[in-house]
Structures are given as structure tokens and as C-alpha cells.
Amino acid sequence: MRRLIFFIALVICLMTLVSCKQRREAIRQLGCAQAIMENAPDSALVFLDSIRAHPGILDKRHRMEYETAMVQAKYKCYEDISEDTAVFEARRYFVKTKDYGQQALAALYSGCVYEEWGEYEMSMEAYKEAMKPATAMGDSLIMARIQQCIGSLLYSHGLYGEALKSYKKAAEICRSIPEKQAQYYGNMGRCFILMKENDSAFYYYRKGIDCAIRSGNSETQSILLQNLSVLYRECQMYDEALLTLRQSLQLNPDVKKYPQYNLNFAEIYNLLNKNDSLTYYISLLKKDLECIEDKPLLTSIYSILSEYEMQRDNYDSAFYYHSKYSEMVEYIYQERMEQSVYEIQQKYDYQKKENFYAKKLLKRQIWITLLVLFLLIALMVVVIMIYKILKRKEHEAEINKKLLALQKKTDEAKIEYTQKEYEFQQYNEKKEQDELMLKFLMIMYSESLCDSNKNVINNLKKLLYGDNEQDHWEAMLSIFDRLFPGRIDMIKTQYQDLNEMEFKICILSHFDLSRQEEADFMHCSVYSIDKYRSKLCGKMTKTDNKTM
């Protein structure tokens, strides 16, 4: 059992080591492919093909880099990339991870795949998306390549002026890379030819050739010289066209392009009416017919062969080549019609989607507008309610302020009234006391004047007592009790040993009377009053000491 476990563990370790080794080797090959991608895309494709058999050994990041590099290599090698949809996943992945370098490449070659499908709007969108991370990184090579792709897309749709702007931007970005500048100048020259601006076309072709010479790239130099030869021919400068075309042929390393050169030589010699040279290149074209797959090139060759045989009265051969020419024209026309129908269908589908999303967007905008309108109305209602509440509070505060002022005035009036009422009451009490005091004194004086005129005394008593006969002392005690309530009972209770005379003198002591006035009232002498006063004082002092 232990041996079995040990064997299984050993196998797992070996598999892990092998897997790690394969992963490291795959990552190394991927790095090599990325390093030589610009200068040797065909060799990079070989490296990438070696990884294709084991794609699962790469982690996700390297797998996404592999998918991007694969599309890039195939595009540079002019292979079909219409099935390479994995680059779309790589594009989304690098957007999430914010790997700007790979994000720019993935978006760029996503645009190339869309362009291969005929989805030109989506292709342009992808190119513009690729420009953002490339600009953030400052990678001039990728930025120039993006501008070139945008220019090529515009060029293919006949927008030569717009394409020219993109090519100019690409040339300015690659100012320090003459090899790339040469390509962009060549593209600009091609645009100027189609815009019928031959002087500008000459200028940019020559600039492109100078850049290609500085970079030492003979292939680019050959292509530009061949295009310049076509321009000379269009301008009827046939000698310059021949000279330039021979220079291009000397620099051309690709044997597959010889039929194109033979056709150009034949067309120039035909225009120059040099039949010997024309016949030579016509014979070369007839030999190359079977190996040529380029349909537009075949169409041009059949056209010149038909014309050549017609000039020599070889009607059967001329008819044959003309029929071939017609077949090729019909084939290209059908192909373009199919492409046009496909493009129309794509545009129809796109327009349908656009209308769908436009309706959806319009519906959303209507709902948003209604919501904003509702919020504005609600806000206005809230503002109006707040305004009314504030106004009401302000009004209530003003009313409360007035009420407080009125309450203050009322309180002041009450205080003033109470004070006046108190003063009036005091006045009435004072008046009553004065009247009582006056009446008391009048009774006392009337009693003291008992020996005077009887009629006067009687009239005075009638005025004081009325019709009721009343003793003057009782009347005086009644008045005294009103002036000093409870004082009589207190004196009687506290000083019980006072006789009648002493009690009367105690009552009279409450008034500001002289000894003589008291003596007259009591019908005695002043001496008697002093004596009674002395006894009264002694008794009261004695009683008070006992109480204490």
C-alpha cells in the first residue's frame, strides 16, 4: 500500500514538473514571437503554432496575450483572420486588467477582424478605442499603426481626404522610423493620385523613396518605385515610367510579383508603340496565366492580350481573350455585388439594431424627462409649501410679537390700574380713617363741652348719632374698633386688672391728645390724668414682665 502511494506521488510530481517545464517553454516561445513580431511575423507565427497544440498550459493572462499575438502574426502574414474571435475576449480581459499595451493591440486587431467581416462601424470603433491606451502609453509604433488602419478603412470606402489625414498623422508619429514613414508617404501618394493631385503624389512618393533608402528597406523602395512608375505613365512620361519600373524590378525580391511587372512593361511599350518589346512581354504574360490567382491582375492581362491580338488581326485569339476578360469582369462584378449585398444586409441589420436602440434610448429619455419633470414639480411644490410655512411662521411670529406687546401693555395697564386702585383704596381707607378720627374727636369734644350751650350740644349729638340715642363712650369704642380692629379685645384679654378709668385712658392714648384734652373728656383734672397714667403704666409693665 505504501509503495502504491509513493508511486502515485512520484507520478504526480513528475507530471507537475513536466507541466511546469511545458508552461515555461510556452511562455518563452510566446516571448520570442512577440519580440520578432515586427521584423519577422512569419517566424513569429511558427513560434505561436508550436504553442497551439497545448493552449491549456498557459495561464489566462498569457493565453490572452497568445490570442492577440496570433491574430497579429496572421494579419501581418496576410492570412485569414475572420475566425479568430478569441481576440474579442482578450480585448475585454485587458480592459479589466488595465494592461494598456496589450489592450491597445487587442482592440486594434479586433478592429481588423471586424473589418474582415465587413462590420466597418464596429471596426472603426475598435480602432478609436485602441488609440486611448496607446496614447496613454506613448507607444508611437502602435499609434501609427492604428492611424494606418483607420486610413486604410477610410480609403477602402473612397474617403480619400479623410484617409489622407490619418496617413499624415501616422507619418508624423513615426518621424524617427523612416521605414514606417516610407509606407505612410506611399499611402499618401496613392490618395493624391485618386484625388487627381499628381504634383502632391509625386512629392510624397519621392519622400517615401528617400525614407526607404535611409532605412535600407529595398522591398518598400521597390513598391514605391513601381507606384511612381504608374504615376509617370498616367502623366504620359513614358521614359521616366520605364526607368522607374526597371529600378523597382531590380529591387524586387518577390518572384510572384513578376507578372505585375510584365503587365506594366507591356502597357508602357504598347503606349510607346514598341512592338518588339511589347511582343516579348506579351509572351511572358501568356506563360504566367495559369499560375496567376489575382483576379484583378488576370482581368488586366486578358484585356491587354485581347487588344494585342486584335491589333494583329488574330480575331479568334482576340475573341478568346476578350471572352475571358468578360468572364473575369462578370466574376469580379458578381463578387462585388455579393459583397455589396452583404454590406447592405449588414447595414440593414446595423440600422435595425440602431433603430431598436434608438427607440429604447428615446423611451428611456422620455421616462427620464418625465421623472425629471415630476421631480421639478415635486421640488416646486415643496418650495411653495416651505415658502408658505415660512410665511405662516413669520405671520405667527408677527402676531405673537403684537400679542406680547399687547400683553405687556395690558400687564402694564393692570399694574397701573392695580396701583391706582390700591392708591384709591388707600385713599378711601385714609379718608374713612380721617372721617372716623374726626367723628371720634367730635364726640370727644362734644362730651367735653357738656357744660356749654345745650342746644349746640344737642344739635351736634344729633348730627353724630342720628335719631338713635347712644352713649358717647360706646360710640367712641365702636369707632375705635373700626380704626383698630381687635385691639379692644386684646387689651381686655391681656390687661384684665385695668379699671374703667385706666381702660379709657389706654384707649385715648392711641390718639395724639394732650393731657388737658384727656382731662376735659374725662371730666377731671390734669393731675388725675397723670396719676391714672402712672398707674396704667405700672400695671401694663408688670403684666408684660409676667408674660415674658
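These numbers were taken from a predicted model, which means no experiment stands behind them. (Residues numbered from 1 in each chain as written. Predicted model: local features only at pLDDT ≥ 70, side-chain atom pairs only at ≥ 80, totals over all residues. Heavy atoms only, no water.)

Points about the overall build of the protein chain
Note the threshold: Labels follow the DSSP assignment, with helices taken as runs of H or I lasting at least four residues and strands as runs of E lasting at least two, numbered in each case from the N terminus. Only protein chains enter the area calculation, which uses a 1.4 Å probe; residues under 20% of their type maximum are buried, those over 50% are exposed, and those in between are partly exposed. Throughout, a residue-residue contact means that at least one pair of heavy atoms, one from each residue, lies within 4.5 Å. Per-residue accessibility takes into account occlusion by the displayed protein chains alone, with areas from the Shrake-Rupley method and a 1.4 Å probe.
A tally of helices and strands in the protein chain yields 22 helices and zero strands. For the protein chain, the residues scored as buried account for 34% of the 548 residues in total. In the protein chain, once contacts between residues fewer than 6 apart in sequence are set aside, the share between residues at least 24 apart is 54%. When the accessible surface of the protein chain is split by element, carbon and sulfur atoms take 56% of a total near 35,100 Å².

With respect to the pattern of salt bridges
Defined as follows: Salt bridge, as applied in this entry: a Lys or Arg side-chain nitrogen positioned within 4 Å of an Asp or Glu carboxyl oxygen.
Applying the stated rule across the entire model yields eight salt bridges. For the salt bridge of Arg91 with Glu129, the shortest nitrogen-to-oxygen distance reads 2.4 Å. Of this pair, Arg91 sits in helix H4 (residues 86-97) while Glu129 sits in helix H6 (residues 120-137), and the two are 38 residues apart along the sequence. Notably, a salt bridge pairs Glu500 with Lys504, separated by 3.4 Å at the nearest N-O pair. On the criterion of helical spacing, the pair formed by Glu500 and Lys504 is a turn pair, its members being four residues apart in helix H20 (residues 500-508). For Glu500, a relative accessible area of 57% translates into the label exposed. Given a relative accessible area of 17%, Lys504 falls into the buried group.

Let's talk about the nonpolar core
Condition: Put simply, buried Ala, Val, Leu, Ile, Met, Phe, Trp, Tyr and Cys residues joined by side-chain atoms within 4.5 Å make one nonpolar core.
The biggest cluster of nonpolar side chains holds 76 residues, and the ones touching the most others in it are Tyr127, Ile146, Ile282 and Ile301. The contacts of Ile146, once residues within four sequence positions are left out, are Leu108, Tyr127, Ala130, Met131 and Ala134. Ranked by size, the runner-up nonpolar core spans 23 residues in total, among them Leu477, Leu483, Tyr495 and Leu508.

Details of the packing of aromatic side chains
Keep this limit in mind: Only centres within 6.5 Å qualify two rings of Phe, Tyr or Trp (six-membered ring in Trp) as a pair; their planes then separate them into stacked at under 30 degrees, edge-to-face at over 60, and tilted for everything else. Lysine and arginine charges are scored as sitting over a ring when NZ or CZ, respectively, is within 6 Å of the ring centre and within 35 degrees of the ring normal.
Tallying each qualifying case throughout the model produces eleven aromatic pairs. Taken together, a centroid distance of 5.4 Å and an interplanar angle of 70 degrees make the contact between Tyr93 and Phe94 edge-to-face. This pair shows no difference in class: Tyr93 is buried, exactly as Phe94 is. Through pairs of rings, three or more aromatic residues link up here, namely Tyr185, Phe192, Tyr203 and Tyr204. The ring of Tyr155 has Arg190 sitting right over it, with the charged end atom 4.7 Å from the ring centre. Here the basic side chain of Lys531 rests over the ring of Tyr532, its NZ or CZ set 5.9 Å away from the ring centre.

Observations concerning helix H14 (residues 275-288)
Given 3.6 residues to a turn, an α-helix orients residues that are three or four positions apart in the same direction. So the rule is basically this: Multiplying one less than the number of residues by 1.5 Å gives the expected span of a helix. The arc refers to the directions leading from the helix axis to the C-beta atoms.
Compared with an ideal rise of 1.5 Å per residue, which puts 14 residues at 20 Å, H14 spans 20 Å between its outermost C-alpha atoms and is within 8% of the ideal. Every buried residue belonging to H14 is among Leu278, Tyr281, Ile282, Leu285 and Asp288, and all of these are buried. Projected onto a plane normal to the axis of H14, the buried residues spread over an arc of 120 degrees and lie on a single side. Away from the buried face of H14 by more than 90 degrees, exposed residues Asp276 and Lys287 are located. The secondary structure elements touched by the buried residues of H14 are helix H13 (258-272) and helix H15 (295-311).

Considerations on a negative patch on the surface
To be explicit about the condition: What makes a patch is a set of residues exposed beyond 30% relative accessible area and free of salt bridges, joined within 9 Å when like-charged and within 5 Å when nonpolar (Val, Leu, Ile, Met, Phe, Trp, Tyr). Only four residue types enter the charge count: Lys and Arg as positive, Asp and Glu as negative, with His and the chain ends excluded. Each charge is placed at NZ for Lys, CZ for Arg, CG for Asp and CD for Glu.
A cluster of acidic residues, Glu79, Asp80, Glu83 and Glu116, forms a negative patch on the protein surface. Topologically, Glu79 is positioned in the loop between helix H3 (60-76) and H4.

Focus: the environment of Cys537
Looking at where Cys537 falls in the secondary structure, it is placed in helix H22 (residues 526-547). With 35 residues separating them in the primary sequence, Cys537 and Glu502 have C-alpha atoms 9.5 Å apart.

Observations regarding unusual backbone geometry
The backbone of Lys98 sits at a positive phi, close to 60 degrees, despite the residue not being glycine. Structurally, the position occupied by Lys98 is in the loop between H4 and helix H5 (100-117). For Lys98, a relative accessible area of 60% gives the class exposed. The phi angle at Asn273 is positive, at roughly 60 degrees, despite the residue not being glycine. Relative accessible area serves as the criterion here: at 62%, Asn273 is assigned to the exposed category.

The values are spatial; any link to function lies outside them.
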